[in-house]
Every structure is written in C-alpha cells, then in structure tokens.
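Residues per chain are reported as follows:
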Amino acid sequence: MITFQDVSKTYAQGGHAALSAVSLSVAAGEVFGVIGASGAGKSTLIRLINGLETPTGGRVIVDGDDVDALGVEGLRALRRRVGMIFQHFNLLSGKTVAQNVAFPLKLAGRPAAEVKARTSELLERVGLTAHADKYPAQLSGGQKQRVGIARALATGPKVLLCDEATSALDPETTEQILDLISGLNRELGLTIVLITHEMDVVRRVCDRVAVLEAGRVVEEGAVEDVFLHPTSDTARRFVREADGEAATAPGVGGRLVRLTFKGEATYKPVLGEVARVTGVDYSILGGRIHRLRETPYGQLTLALTGGDVDAAIKSFEASGVRVDDLTGEIAR
Ligand SMILES: Nc1ncnc2c1ncn2[C@@H]1O[C@H](COP(=O)(O)OP(=O)(O)OP(=O)(O)O)[C@@H](O)[C@H]1O
C-alpha cells in the first residue's frame, strides 16, 4: 500500500538530512508504527505519505501513485484516499462538530443530502452523536480527537495517518482512542500508519514497527520481535522506558538473564522445576506481564547463582522459554 524507496529529505533551511535512505513498505490492512525520539524525522516521514512534504531523493509510492509526480488534482484525490489525524486535533474552532466532519465532504462537492447522512453515520461511529452541535472548545481532548477521526474518515480513505494522535491525551483517553483506531483497522480494513515516541502505543495497536534515529531506520520488524527482543540501542531504550525495567542491577552477582514466556510456556511452573533439577538459585530483578495486541506474554529478569547455570538455561529453552543473556547488555 505504501512504499518508501531510498527516501531522503533535507529541508532548505535545515542543513542536515531529516531523513536519509529510508526504505520500508506498509502492507494493505496493517497497522504500522514509526517510533523515534524528538527530531528523529517521524513527522517528516508521515507527511511525505500524503504529499505535505516532498522528498529530496527517492520515491514514495502510495496506493500505486508516485506521490511526488502527482499534480494538484492528483494530490487532492490522494488526500481523499489518505486521511490524517493530528496531535493537536487541528479542528476548525468556528465550526460545530458536525460542520467539522462535513467539511471535507463539502470540499469534495458531495450533494447536501449525502453530506448530512454521512456526517451522522460518522458521528455515530465515533460516539459523538449527542455532541453534533457543540463547538470544539466545549469538548474534552478525547472528544476532539474523535471529531478529528470522523473528519479523517469522511471521504472513505483506505489509509489513516496518525501524527502523535494520543500524545496530548491522558492514559485512559489514550486507551479509548487507540481502541477506536484498532477497531477501524479491523472493521474497515484501514491501513494505518502512526508515529509516536511511546513504545506502549506501538505495543497496543501496531503489527509492525520501524525505529527511527536521526533520520535513519535502525530497526524494523514485527512488534512482537522488536518489543521482546530489540536489537538496536534505540529500540532497547524505548522498550525499557515502556517497562520501567531496571537498566542496571548494582551489587547483584551471577548470570543476568531475561526469560520471555509466551503462549503455553506462560502457564507452566517452569521456574521452580528448573531450580529444583539444576540446583540454581534466582533473584528476581524485574518482571512484567503484558499484552502485545491480543497476545499475553511475561518477562522476568533474573540473576542466576549456584548450581548448574548452563543446564538451567538449557532447561528453560527446552520448556519453550526464550532466554536472553543480559550480562553485557544491562550495564549499557
Ligand atoms: N520545515 C522545516 N524546516 C527545516 N527543518 C525542519 C522542518 N521540519 C523539520 N525539520 C527538521 O528535520 C528534523 C526532523 O524533524 P521531524 O519534525 O520530522 O522529527 P520528529 O521525529 O517528528 O520530531 P518531533 O517528535 O519533535 O516532532 C529535525 O532536525 C527538524 O528540526
């Protein structure tokens, strides 16, 4: 659905490259996350998808079109197929909720009866029917983002771009908006690209993720792989931030390992069994049970001492538990 081929972008006033040699592709129907720190190039990347920015090198292909080669009319048509929502909602403050949602339909020259019917259908979908005649200033942040979503869906897009869409919201509202976005993906088959600086957002809704650092993709893959076994320092940092996992374990000896339990292994009494058989002791340094979209998983960070540590690691692995040796990593 979306392909970046060796894309670079240097702003005229910028000097250094905001994006360098970015190649990635987003399949139809998936939720693709782009995570990076401030200034990594996330906004630039997402704005290239609907032609709000143009690349200085490479090509961005969306739904079969080379975005940079589209004329004014072609771009307008593309933007009807690619909706966008924003961190600060970007609503028209002088228009009501219903008028905000109707706006793109009116711009597209749709007949009045269709505009009315479609607007009420969209307001119903995002749960704002009762607020149709209010103005944005009378709404909560979450309600404003719902208006943004309804407006983005007005022209029946295939793709929804989410530019830090939950960054201005509290955790509970964030969860509701992410649920709404997930539902749109499931029920309408919308392809979704979201940019964020929070790994938790990626964990909750994305199928795949690219990690951006200083304009380059430093890691990309299934969320499960990147989240459970990050390979780049940047991804590790984001995962740790999301977990609050200890980055150091001062004064603890032994072999530091992270166990990942998934699927059946999650419910086996593996820890005690392995300790008994191999004679190792363990101190628990950190732990969490979470979900990756719908899949539960558990991770435990342990210091293993005494007994036969190598045999213990083999036994964990034989029980379907993944073991990562953190002895080198944890000091980083
Ligand atoms: N219009 C612009 N003109 C000049 N430089 C820009 C412009 N927009 C972005 N940049 C620069 O490009 C780089 C990437 O910026 P971008 O906004 O894409 O990053 P980001 O990851 O979205 O950051 P943030 O999370 O802070 O929004 C930064 O160095 C930024 O200063």
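On a predicted model such as this, the values are computed, not experimentally measured, just so you know.

### Quick notes on the pattern of salt bridges
Reasoning step 1: Inspection of every chain in the model, using the stated rule, returns 21 salt bridges.
Reasoning step 2: Residue aspartate 65 is joined to arginine 81 by a salt bridge in which the shortest nitrogen-to-oxygen separation is 2.9 Å. Taken together, the residues span a long stretch of sequence, with aspartate 65 in strand S5 (residues 65-66) and arginine 81 in helix H2 (residues 72-81) at a distance of 16 residues.
Reasoning step 3: Given the relative accessible area of 22%, aspartate 65 is considered partly exposed.

### Notes on the domain arrangement of the protein chain
Reasoning step 1: Considered domain by domain, the protein chain is made up of domain 1 (2-240) and domain 2 (245-331).
Reasoning step 2: Taking only C-alpha atoms, the centre of domain 1 and the centre of domain 2 are 37 Å apart.
Reasoning step 3: Each partner contributes residues to the interface: domain 1 has 16 residues there, and domain 2 has 17 residues.
Reasoning step 4: A buried area of about 1,400 Å², summed over both sides, lies between domain 1 and domain 2, and 45% of it is on carbon and sulfur atoms.
Reasoning step 5: Of all residues in domain 1, the largest losses of buried area upon contact with domain 2 belong to Arg203, Leu228 and Arg240, amounting jointly to 49% of the total for that side.
Reasoning step 6: Along the contact surface separating domain 1 from domain 2 lie one salt bridge.

### Some points on helix H4 (residues 112-125)
Reasoning step 1: Spanning 14 residues, H4 covers 20 Å between terminal C-alpha atoms, matching the ideal 20 Å at 1.5 Å per step.
Reasoning step 2: When H4 is considered as a whole, its buried residues turn out to be Val115, Thr119, Leu122 and Leu123. End-on view of H4: buried residues confined to an arc of 100 degrees, all on one side of the axis. Turned more than 90 degrees off the buried face of H4, the exposed positions are Ala113 and Glu124.
Reasoning step 3: Residues of H4 that are buried sit in contact with helix H3 (97-107) and helix H5 (141-153).
Reasoning step 4: Once H4 finishes, glycine 127 follows within two positions and takes phi at roughly 75 degrees, a positive value.

### Section: the layout of surface pockets
Reasoning step 1: By volume, the largest pocket is sized at about 610 Å³.
Reasoning step 2: If you go around the largest pocket, you meet 21 residues; those closest to its centre are Arg79, Arg80, Val82, Pro104 and Leu107.
Reasoning step 3: Of all elements in the fold, only H2, strand S6 (82-86), H3 and H5 reach the threshold of two or more residues within the lining of the largest pocket.
Reasoning step 4: Among the residues making up the lining of the largest pocket, the classes are represented as twelve nonpolar, five polar and four charged.
Reasoning step 5: In this model, the second largest pocket occupies a volume close to 270 Å³.
Reasoning step 6: Every residue along the wall of the second largest pocket is listed here: Glu175, Leu178, Asp179, Ser182, Arg186, Arg203, Arg204, Val205, Arg291, Arg293 and Glu294.
Reasoning step 7: Where the lining of the second largest pocket is concerned, the elements lending two or more residues are helix H6 (171-188) and helix H7 (199-205).
Reasoning step 8: A per-element tally of the lining of the second largest pocket places H6 first, with five residues.
Reasoning step 9: In terms of residue class, the lining of the second largest pocket is made up of two nonpolar, one polar and eight charged.
Reasoning step 10: Summarising the domain contributions, the lining of the second largest pocket has at least three residues from each of domain 1 (2-240) and domain 2 (245-331).

### Some thoughts on the environment of arginine 186
Reasoning step 1: By the secondary structure assignment, arginine 186 is in helix H6.
Reasoning step 2: Under the relative-accessibility criterion, arginine 186 is labelled exposed at 56%.

### Side note on the UniProt feature "domain: ABC transporter" (unreviewed entry) in the protein chain
Reasoning step 1: The positions UniProt marks with the feature "domain: ABC transporter" (unreviewed entry) are residues 2-239.
Reasoning step 2: For the annotated span residues 2-239, helix accounts for 39% and strand for 26% of the residues, and the straight-line distance between the end C-alpha atoms is 26 Å.

Rules used throughout
Residues numbered from 1 in each chain as written. Predicted model: local features only at pLDDT ≥ 70, side-chain atom pairs only at ≥ 80, totals over all residues. Heavy atoms only, no water. Salt bridge = Lys/Arg side-chain N within 4 Å of Asp/Glu carboxyl O. Helix = DSSP H or I, 4+ residues; strand = E, 2+ residues; numbered from the N terminus. Buried < 20%, exposed > 50% of the residue type's maximum accessible area, 1.4 Å probe, protein only. Domains from an automatic or database assignment. Contact = heavy atoms within 4.5 Å. Buried area = accessible area lost by both parts, 1.4 Å probe. Expected span 1.5 Å × (residues − 1). Arc of directions from axis to C-beta. 1 Å grid on protein atoms, 1.4 Å probe; cavity = no way out; pocket = protein on both sides within 12 Å on 5 of 7 lines; lining within 4 Å. Points joined across faces, edges and corners; volume = space filled by probe spheres on them. Nonpolar A, V, L, I, M, F, W, Y, C, P; charged D, E, K, R; others polar. UniProt positions renumbered as here; feature names shortened; annotations may be inferred.

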